[in-house]
Amino acid sequence: MNTSLLLQCAREALDPGFGDRDLYGYVMTVVHLAAASLAVIVAVKGPFRSRAPRTERWLWGIGATILVALAINKQLDVQSMLVAAARCVARGEGWYENRREYQTEVILGLVIAAAIIVPTVIFLLRKAVIGNLAFVLSMSALVGFVLLRAISFHHLDVVFGTDVLSFRLHRMIEVAALVTVILVAAMRLQQSGSAPAS
């Protein structure tokens, strides 16, 4: 890959400013940050009833970090900048017309990676994950959703853009995952009053 072309495309794709400039975008950024804040509180306070409280703290701390990164991405729209830069490079190197083939390979790679990574993480952290499965699955869905949207594969964009009960499917997925994270964290914090933190 031509490094100077990549840098030029990145400069052209850079759009200083906010990504989601509508009410939904601003609200979802706040929701991401609220979920991250709750995850931090859980990481600090617990309670952790598993045999691996330290691992649970790390799990919630990593989740909080991911949520902050997603909130930043929500407003700075980093994924759109990366897609625009990749599109520019594809045109510059002459393979843009065959991009579907590359996008399909990336999607398959992500699916295979997720099929390996998620069960492996669940297995390795099984002592901590058992009581945090809804949190782990919600975070996995959220990250997977963002990665799939970043690929900008037309067929997926059509599916994600589908209206379900007058609400875009991609928004439903995002909201459902975030609400689950918030509810799991709130329930965990509610338990902290009745159980000693580890």
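Before reading further, recall that the structure is shown in the block above.
Everything in this summary refers to the structure shown in the same document. (Residues numbered from 1 in each chain as written. Predicted model: local features only at pLDDT ≥ 70, side-chain atom pairs only at ≥ 80, totals over all residues. Heavy atoms only, no water.)

Some words on the overall build of the protein
Along the protein, the regular secondary structure elements total 9 helices and 2 strands. Listed N to C, the secondary structure of the protein is α-α-α-α-α-α-α-α-β-β-α in terms of helices and strands. Looking at the 198 residues of the protein, the share that counts as buried comes to 31%. Across the protein, every contact between residues at least 6 apart in sequence was considered, and the portion connecting residues at least 24 apart equals 77%. Here the protein has roughly 11600 Å² of accessible surface; of this, 68% comes from carbon and sulfur atoms. (Helix = DSSP H or I, 4+ residues; strand = E, 2+ residues; numbered from the N terminus. Buried < 20%, exposed > 50% of the residue type's maximum accessible area, 1.4 Å probe, protein only. Contact = heavy atoms within 4.5 Å. Areas by Shrake-Rupley, 256 points an atom, 1.4 Å probe, with all protein chains shown as cover.)

Re the pattern of salt bridges
Within this structure, the stated rule accounts for 2 salt bridges. Of the charged contacts in the structure, one is a salt bridge between arginine 188 and glutamate 56, with a shortest N-O distance of 3.0 Å. Here glutamate 56 lies in helix 3 (residues 53-76) and arginine 188 lies in helix 9 (residues 169-192), a separation of 132 residues in the sequence. Across the pair glutamate 174 and lysine 74 runs a salt bridge, and its minimum N-O distance is 3.3 Å. Of this pair, glutamate 174 sits in helix 9 while lysine 74 sits in helix 3; the two residues are 100 residues apart in sequence, bridging distant segments of the chain. This pair shows no difference in class: glutamate 174 is buried, exactly as lysine 74 is. (Salt bridge = Lys/Arg side-chain N within 4 Å of Asp/Glu carboxyl O.)

A short note on helix 2 (residues 23-45)
Here helix 2 is 23 residues long and its end C-alpha atoms lie 33 Å apart, about the 33 Å a rise of 1.5 Å per residue gives. Just downstream of helix 2 lies glycine 46, where phi reads positive at about 80°. (Expected span 1.5 Å × (residues − 1).)

Considering helix 3
Under the 1.5 Å per step criterion, the end-to-end length of helix 3 is 35 Å for 24 residues, consistent within 8% with the ideal 34 Å. Burial in helix 3 covers these residues: Glu56, Leu59, Trp60, Gly63, Ala64, Leu67, Leu70, Ala71, Asn73, Lys74 and Gln75. Phi turns positive, to about 55°, at aspartate 77, one or two residues after helix 3.

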